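Each chain, written out:
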Amino acid sequence: TNVTTGDAFSLSMVYRAVSIHTTAVKQLSYDAYRSGVVLTTDQAPTWLKRPDIDSTRSAFLEQTVVSMACTGNAYWRITRNERGVSNLEVLNPLDVLIATDASGKVASYSYQGKDYRRDEIQHLRLLRIPGTPYGLGPIQAAQQELRGAIDTRDYAGNWFTGSGVPAGGYLGTDQALNPELAQQTRDNWTKATANRDGVPVLGNGVK
């Protein structure tokens, strides 16, 4: 069964791992250079100091890291004016589709029903896999391990409410049971255990 980003984040270890990365990245400083000379804060490009005018720089970096950790891809929509780059917006990676040409190279991007040229989108990939335009993230690479962790957690969580009906168990007796009595015995067991109505009482040597 496919493990979605939401499923993976329901595991505390996944949430914590991504949180550690985002916290570290948000605290990084930056240096801007032009012709080998370090620029002062006033000289640095505005988009570098605040990439998205509708968000903070730390939030922009956080969304970028979370996108790459969750899907292996991050997409920035680039807005330009006569002076150059004016704004960068982090797109939801789950809503971005990539169109390729006959040779397999990226031709364009589509986001929420609108197409964008290659120079309008900056595509960041966590792990580049030959033959596909999409990057590979840890959640996609570890599907079986994550599914096993989720199933183990759910089994443990359901132990006190559903342990009376084992998946591979059965009720048996050495006495003859007609179909009606067999069905009644089964119903009594299922009701008492599944609905937590108490301890089931069984007769006719049923174990």
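Structural data are supplied above this passage.
Residues numbered from 1 in each chain as written. Predicted model: local features only at pLDDT ≥ 70, side-chain atom pairs only at ≥ 80, totals over all residues. Heavy atoms only, no water.

Notes on the pattern of salt bridges
- Enumeration over the complete set of coordinates arrives at 6 salt bridges.
- Its salt-bridge partner being Arg-77, residue Glu-89 comes within 2.4 Å of it at the nearest N-O pair. Of this pair, Glu-89 sits in strand S4 (residues 84-91) while Arg-77 sits in strand S3 (residues 73-81), placing them 12 residues apart in sequence.
- Note on Glu-89: relative accessible area 26%, which makes it partly exposed. (Salt bridge = Lys/Arg side-chain N within 4 Å of Asp/Glu carboxyl O. Helix = DSSP H or I, 4+ residues; strand = E, 2+ residues; numbered from the N terminus. Buried < 20%, exposed > 50% of the residue type's maximum accessible area, 1.4 Å probe, protein only.)

Notes on helix H2 (residues 12-26)
- The end-to-end C-alpha separation of H2 is 21 Å, in line with the 21 Å expected for 15 residues at 1.5 Å each.
- For H2, the set of buried residues is Val-14, Val-18 and Thr-22. Looking straight down H2, one finds that the buried residues subtend no more than 55 degrees of arc, so they occupy a single side. Exposed residues lying more than 90 degrees from the buried face of H2 are Ser-12, Met-13 and Arg-16. (Expected span 1.5 Å × (residues − 1). Arc of directions from axis to C-beta.)

Some details on the sheet that holds S3
- Taken in spatial order, the 3 strands of this open sheet run S4-S3-S8, and their pairing is antiparallel. A strand with exactly one partner marks an edge of an open sheet, and here the two such strands are S4 and strand S8 (121-125). Each strand axis lies, on average, 25 degrees off the axis of its neighbour in the sheet, ignoring direction.
- In the sheet, S3 pairs with S8 via 5 bridges, with the strands oriented antiparallel. Counterpart to Asn-73 in the pairing with S8 is Arg-125.
- Strands S3, S4 and S8 of the sheet are contacted by helix H4 (residues 57-71), whose axis makes an angle of about 140 degrees with S3. (Pairing = 2+ DSSP bridges. Axes fitted to C-alpha atoms, helices over the stretch in contact; angles between N-to-C directions. Contact = heavy atoms within 4.5 Å.)

Side note on the nonpolar core
- Counting residues in each nonpolar core, the largest one holds 9 residues, listed as Tyr-75, Leu-91, Val-96, Ile-98, Val-106, Tyr-109, Tyr-111, Tyr-116 and Ile-121.
- Every element with two or more residues in this core is listed here: strand S5 (96-100) and strand S6 (106-111).
- The leading source of residues in this core is S6, at 3 residues.
- For Leu-91, the residues in contact, after removing those within four places along its chain, are Ser-67, Tyr-75, Arg-77, Val-96, Tyr-111 and Ile-121. (Core = buried A, V, L, I, M, F, W, Y, C linked by side-chain atoms within 4.5 Å.)

A look at helix H6 (residues 143-157)
- If you check H6, its first and last C-alpha atoms are 21 Å apart, about what 15 residues at 1.5 Å a residue would give, namely 21 Å.
- The secondary structure elements touched by the buried residues of H6 are helix H1 (5-9), H2 and helix H5 (138-141).

Points about the environment of Ile-121
- Take Ile-121: it is sitting in strand S8.
- Accessibility expressed as a relative area gives 7% for Ile-121, which makes it buried.
- Residues Ile-121 and Leu-88, 33 residues apart in the sequence, show an inter-C-alpha distance of 9.2 Å.
- Those residues in contact with Ile-121, other than ones at most four positions away along the chain, are Tyr-75, Trp-76, Arg-77, Ile-78, Leu-91, Tyr-109 and Tyr-116.

Quick notes on the pairing of S6
- In this sheet, S6 lies alongside S5 in antiparallel orientation, the contact comprising 5 bridges. Bridging from a neighbouring strand, Val-96 pairs with Tyr-111 of S6.
- Linking two consecutive strands that pair antiparallel, namely S5 and S6, is a turn of 5 residues; a positive phi of about 90 degrees is found at Gly-104 within it.
- Two strands pair when backbone bridges link them, and S6 and strand S7 (residues 114-116) are joined in this way by 3 bridges, in the antiparallel orientation. Note that in S7 the partner of Tyr-111 across the bridge is Lys-114.
- Joining the antiparallel neighbours S6 and S7 is a turn of 2 residues, in which Gln-112 adopts a positive phi near 50 degrees.

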